[in-house]
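If you want the building blocks of each chain, they are given just below.
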Amino acid sequence: MENKRVAIIGAGISGLLACKYTLEKGFIPIVFEASNEIGGVWTQTIESTRLQSPKRTFEFTDFPWPSSVRGRYPHNTDVLKYIEAYSQHFELLPYIQLNTKVIGIDYVGVSDEEMDSWDFWSGNGKPFGSKGKWHILVQHAEDFTTQDYEVEFLILCVGRYSGLPNIPEFPIGEGPDVFYGTVIHSMEYSAMDNESARELIKGKSIAVIGSQKSAIDIAAECAAANGPGNPCTLVQRTIAWALPSGCFWWGINLGFLYGSRFSELLVHKPGQNIIYSALATLLSPLRWGFSKFVESYLRWNLPLKKYNMVPKQSFLQDMSSCKAFLLPENFYGKVEEGSIILKQTQCFSFYKQGLIIDGEVDEPIKADLVIFATGYKGQEKLKNMFASKSFQNYIMGSPKSIVPLYRHIIHPRIPQLAIIGYSGSITNLHTSEMRCQWLAHFLDQTFKLPSIKEMEKEIEMWEIYMKKYAGKEYKRACIAALHIWYNDQLCKDIGCNNRRKKSFYDEWFQPYVQSDYVGLSPN
């Protein structure tokens, strides 16, 4: 095992966890990070960004938050310090090469024809079953020199919310090229230091395009900077369910409704037996009731109807696609005072002085600055990393499929490679740590993978689940509404007990959190 080399691309949370857990198994990993610091997306956030989930659900299993951080939703600077402290505590920094950009990865030593003949991943279902190796070409930022590395196993921790921005396409004469103002993507805005960002938005009429968390946060930040005098216009195509802070709604803990083992009984699960299937069918009225309860509370608590912000889809659908998010503090207060103007549209175009919504040329939105908060092309970013056209096609799958990963980690037809942090969950830190524990045990050969056909069958079952519950957003690859069931599968692979609570009540009706999964090991 000592001579098996493991490379990790990315030093965000997933990359640091992968480094820590492979070290514990005796491997000597090398981590490549393109930027000059660790922390991933937390190194490039807007000034007002806070945690989306309570800090107790965003915590390493073996490294608690410091007592000095008291808020329920810590500020991004506290989150970054926490991540840095974790890497220092476990002495991960010596294994990380900063300012080292990976510009290509290629699998060599095995032909496509031989890989096509395999019944098992890497030939035998083991991490180092093949004679093939990964070649990693990197470029050092200091002098732009390149260097080639050869490793037996590669872990991609590049995330899906960075790197390759998604910019809408426009007909000729209707896009940003006709606009006299400035157009940027939220990626560029987030990468600015706080002073530069404040200078960019101060005193300007701004339009933010997007429906998800980054769009809402940026709009709130622009509103705080400029007030009603220069209101920020938020242009959205699809309205998502957005949550106010707090866990108890009308006396009910949201974790009971969507974070307990009982709540997952209400959902048809990938690979479930006939008993679970029958229960999910029988309890479907309760599943509908849970979703309607949350929707009713949000309609009562927030002025959604007044501003035409009631989503068309159910809350369960947004949970199943990881689209539900936490509202910034006093968001609707800013709407009430006129600092934020909400617009919903299916189409818009640019003109010299701003935007035209739904072709209404008589009521244009004048703007000096337009910010696209329209997400990222995460799947395409993954594809572009591979030199092999076959591997590129495997990652992309079909136009109607999700990224096909077994256990949301392993592609059945790409050997000696794992992907951590791509599919979403309620709290990505927790899910990444679970996956890294699972992967470390796999690398240590605690278990082997099933056949390629069996893995592809399981992927297909997850895809059926996503299409059923996430609707048109099924390609977002999310386990938020089934994270306990998902963790059960990882625990069973490792050989440890998946029932982690101490009492029957806690097991079925209390939310599962990180502390329930400390130090997973075979029984």
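Residues numbered from 1 in each chain as written. Predicted model: local features only at pLDDT ≥ 70, side-chain atom pairs only at ≥ 80, totals over all residues. Heavy atoms only, no water.

Visitor: Which residues make up the pattern of salt bridges, and what are the values?
Guide: According to the stated counting rule, one finds 17 salt bridges in the structure shown. One salt bridge in this structure joins lysine 20 and glutamate 24, with 2.9 Å as the shortest N-O distance. Placement of both lysine 20 and glutamate 24 in helix α1 (residues 13–24) is noted, with a separation of four residues, approximately one turn of the helix. By relative accessible area, lysine 20 is classed as buried at 4%. Where aspartate 217 meets lysine 213, a salt bridge forms, and the shortest distance between an N and an O atom there is 3.2 Å. (Salt bridge = Lys/Arg side-chain N within 4 Å of Asp/Glu carboxyl O. Helix = DSSP H or I, 4+ residues; strand = E, 2+ residues; numbered from the N terminus. Buried < 20%, exposed > 50% of the residue type's maximum accessible area, 1.4 Å probe, protein only.)

Visitor: Please give an account of the pairing of strand β1 (residues 6–9) that cites residues and values.
Guide: Burial of β1 is two-sided: the residues Val6 and Ile8 facing one way and the residues Ala7 and Ile9 facing the other way are all buried. Sheet topology places β1 next to strand β7 (residues 153–156); four bridges connect them, and they run parallel. Note that in β7 the partner of isoleucine 9 across the bridge is leucine 156. As judged from the four bridges shared by β1 and strand β2 (residues 29–32), these two strands associate in the parallel manner. Each bridged residue has a counterpart across the sheet, and for isoleucine 9 the counterpart in β2 is phenylalanine 32. Between the parallel elements β1 and β2, the chain passes through α1 in a crossover that is right-handed. (Pairing = 2+ DSSP bridges. Right-handed = clockwise from strand over helix to strand, strands pointing away.)

Visitor: An account of helix α13 (residues 378–385) is needed here, citing residue identities and associated values.
Guide: Residues three or four positions apart in an α-helix share a direction because the helix packs 3.6 residues into each turn. When we look at burial in α13, the residues that qualify are Gly378, Gln379, Lys381, Leu382 and Met385. Looking straight down α13, one finds that the buried residues subtend no more than 160° of arc, so they occupy a single side. Against the buried residues of α13 lie β1, β4 (100–108), β7, α14 (389–396) and β20 (417–419). (Arc of directions from axis to C-beta. Contact = heavy atoms within 4.5 Å.)

Visitor: An account of the domain arrangement of the protein chain is needed here, citing residue identities and associated values.
Guide: Splitting the protein chain by domain gives domain 1 (5–162 + 377–516) and domain 2 (176–244 + 302–372). Between domain 1 and domain 2, the C-alpha centre-to-centre distance is 31 Å. In this complex, domain 1 contributes 22 residues to the contact, which on the side of domain 2 involves 20 residues. It is Ile46, Glu47 and Gln52 that lose the most area in domain 1 upon contact with domain 2, and together they represent 32% of the buried surface on that side. A salt bridge links arginine 198 to glutamate 47; the shortest N-O distance between them is 2.8 Å. The interface formed by domain 1 and domain 2 includes four residue pairs in polar contact (both at pLDDT 80 or more). (Domains from an automatic or database assignment. Buried area = accessible area lost by both parts, 1.4 Å probe. Polar contact = N/O pair within 3.5 Å; in protein donor to acceptor, adjacent residues only side chain to side chain.)

Visitor: How would you summarise the sheet that holds strand β18 (residues 365–366) if you had to cite specific residues and measurements?
Guide: Taken together, three strands build an open sheet; the order of strands is β16-β17-β18 and the sheet is antiparallel. Across the chains shown, the open sheet's two edge strands, defined by having one partner strand only, are β16 (348–351) and β18. Examined bridge by bridge, β16 and strand β17 (residues 354–357) share four bridges and lie antiparallel to one another. Within β17, the residue paired with phenylalanine 350 across the bridge is leucine 355.

Visitor: Can you break down the packing of aromatic side chains residue by residue, with the values?
Guide: This structure, assessed with the given rule, holds 42 aromatic pairs. Aromatic pair phenylalanine 442 and phenylalanine 447: ring centres 5.7 Å apart, planes at 35°, arrangement tilted. With a relative accessible area of 0%, phenylalanine 442 lands in the buried category. Classification of phenylalanine 447 by relative accessible area gives buried; the value is 12%. Aromatic rings pair up to connect Phe27, Trp121, Phe128, Phe153, Trp438, Phe442 and Phe447 into one cluster. (Phe/Tyr/Trp six-rings, centres within 6.5 Å; stacked < 30°, edge-to-face > 60°.)

Visitor: So what's going on with unusual backbone geometry? Residues and values would help.
Guide: If you check the backbone angles, arginine 407 has positive phi at about 55° while not being a glycine. Relative to the helices and strands, arginine 407 is located in the loop between α14 and β20. The backbone phi angle of histidine 408 is positive, close to 60°, even though this residue is not glycine.

Visitor: With reference to specific residues and values, describe the side chain of histidine 483.
Guide: Looking at the secondary structure, you find histidine 483 in helix α17 (residues 483–494). When its relative accessible area of 7% is taken as the criterion, histidine 483 is described as buried. Contact partners of histidine 483, with chain neighbours within four places excluded, come to Tyr258, Gly259, Glu264, Ile426 and Tyr512.

Visitor: Tell me what's going on with the nonpolar core, and back it up with residues and numbers.
Guide: Residues Ile105, Trp134, Ile136, Phe153, Leu156, Phe331 and Trp438 are the most contacted members of the largest nonpolar core, which totals 152 residues. With eight residues, helix α15 (residues 428–443) is the largest single contributor of residues to this core. Each of domain 1 (5–162 + 377–516) and domain 2 (176–244 + 302–372) contributes no fewer than three residues to this core. Leave out the neighbours within four places in its chain, and phenylalanine 331 touches Ile216, Ala220, Leu234, Ile340 and Leu342. Leu355, Ile357, Ala367 and Phe372 belong to the second-largest nonpolar core, a separate cluster that totals 12 residues. (Core = buried A, V, L, I, M, F, W, Y, C linked by side-chain atoms within 4.5 Å.)

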